[in-house]
Amino acid sequence: MADVDAGGGDRMALAVLAQYRMATTEQMHLILNPGVRIEQTRRRLAKLRAEGLVDRITMPQAGRTRVWFPTQYGVQVACEWPELRGRRPSKTVSDRTAVRLRVGHALTVTETGLAFLQDARRRGELCRPLDWIPEVYHPIGSGEAVIPDALLYYRRGRDGGEGAMLRAFVEVDRATMGPERLAAKLTAYARLYDYMPAPAPGRRHRQTCQEPVREEWRRHYPLFPRLLFVLDGTGPAGIETRIKALRAAAADPALAGFLHNVPVLVAPLVEVLQGGPAEPVWHPVRDPGGTVSWIHSPGLDTPRAAPAHRGAAAAHHPDHSWSQRWTAS
């Protein structure tokens, strides 16, 4: 096995790439150790590449930015570790062509996770690099599944003190699908909320005499994670259209029970990056008049009036899109 310093920076760097799928050098530096010089991160990644654990591609249209990803060997090594055991990395996670074609979406997901990680550090709260888990598979029956772009674990309150554990499914939308298809994800999550797997034929009789069948998600979470939509890849008008589509879908009476129990929020990525995810930049899909922070529970916080000019934060980004820079050539 390659000389990975167990418990140290090499191990964490490989674990992050195996879990996140890909990241730029700067993202890796900010995720792993922003308090040191970036040259240390570059040397660490070069070492892991020399050992055959990671590889990279160069994005010529983005200032020759290097994008790092795990090799098949690196995935094999990392997935033996307890912190990554049970992960289901994509079969193409180590394919250079697949990496190049997925780079726009994957790096935007990584940047979104980095925003939550940095926000927790600023606030003295707990969100570690491996608390951002992309593409967790959740079956909903008939061979279908819900696979959020990421599952987030976040603990409010200072480490060692009183606090509350929050969980969120995060969907990063880059406007590559129509607003109706985006809004249809609400129905998919409502199905996940209600989904109870049928017992195996041999167990059906025994279960009728014992405990009732429970929803599948309760095997993994004490509460259903809140649902966060992060919008990018379009300007203020496109953002507004997509928020309206989500709100129209939320008006379906069939979703009332799900939406009553699960906070569903939506925010533009540029606003999340500018102020941090904990700022009141999130629009509840059931409240068209205000914005809230994602970390507050519904009913306990007062929504603020929505900003008159939604594009104010985006004015600092000429393309109104963080991910525009990563469009693969």
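Residues numbered from 1 in each chain as written. Predicted model: local features only at pLDDT ≥ 70, side-chain atom pairs only at ≥ 80, totals over all residues. Heavy atoms only, no water.

Asks: Sorry, what's going on with the sheet that holds strand E4 (residues 132–134) here?
Replies: Strand pairs in the sheet, formed through backbone hydrogen bonds, run parallel or antiparallel to each other. With mixed pairing, six strands are arranged side by side in an open sheet as E4-E7-E8-E9-E10-E11. In this open sheet, the two strands that pair with only one neighbour each are E4 and strand E11 (283–284). Note: strand E8 (residues 165–173) against strand E9 (residues 226–231), six bridges, orientation parallel. Looking at the pairing, Phe-169 lines up with Leu-227 of E9. (Pairing = 2+ DSSP bridges. Helix = DSSP H or I, 4+ residues; strand = E, 2+ residues; numbered from the N terminus.)

Asks: Would you take a moment to explain the environment of Phe-229 for this structure?
Replies: Take Phe-229: it is sitting in strand E9. The buried category is assigned to Phe-229, whose relative accessible area is 0%. Through-space distance from the C-alpha of Phe-229 to that of Trp-282 is 9.0 Å; in sequence the pair is 53 residues apart. Those residues within four positions of Phe-229 in sequence are excluded, and the remaining contacts are Glu-171, Leu-182, Lys-185, Leu-186, Leu-246, Val-264, Leu-265, Val-266, Ala-267 and Trp-282. (Buried < 20%, exposed > 50% of the residue type's maximum accessible area, 1.4 Å probe, protein only. Contact = heavy atoms within 4.5 Å.)

Asks: Before we go on, may I ask you to explain the packing of aromatic side chains in this structure?
Replies: Here a ring pair, both rings aromatic, is described through the centre-centre distance and the interplanar angle of the planes. Enumeration according to the criterion identifies eleven aromatic pairs in this entry. On the basis of an interplanar angle of 85° and a centroid distance of 5.4 Å, the ring pair of Phe-116 and Trp-294 is categorised as edge-to-face. A residue pair is termed long-range when its members are at least 10 positions apart, and Phe-116 in helix H5 (residues 96–123) and Trp-294 in the loop between strand E12 (290–291) and strand E13 (304–305) qualify at 178 residues. Comparing Phe-116 with Trp-294, the two get one shared label, buried. When the centroid spacing of 5.8 Å and the interplanar angle of 15° are considered together, the rings of Tyr-193 and Trp-217 count as stacked. (Phe/Tyr/Trp six-rings, centres within 6.5 Å; stacked < 30°, edge-to-face > 60°.)

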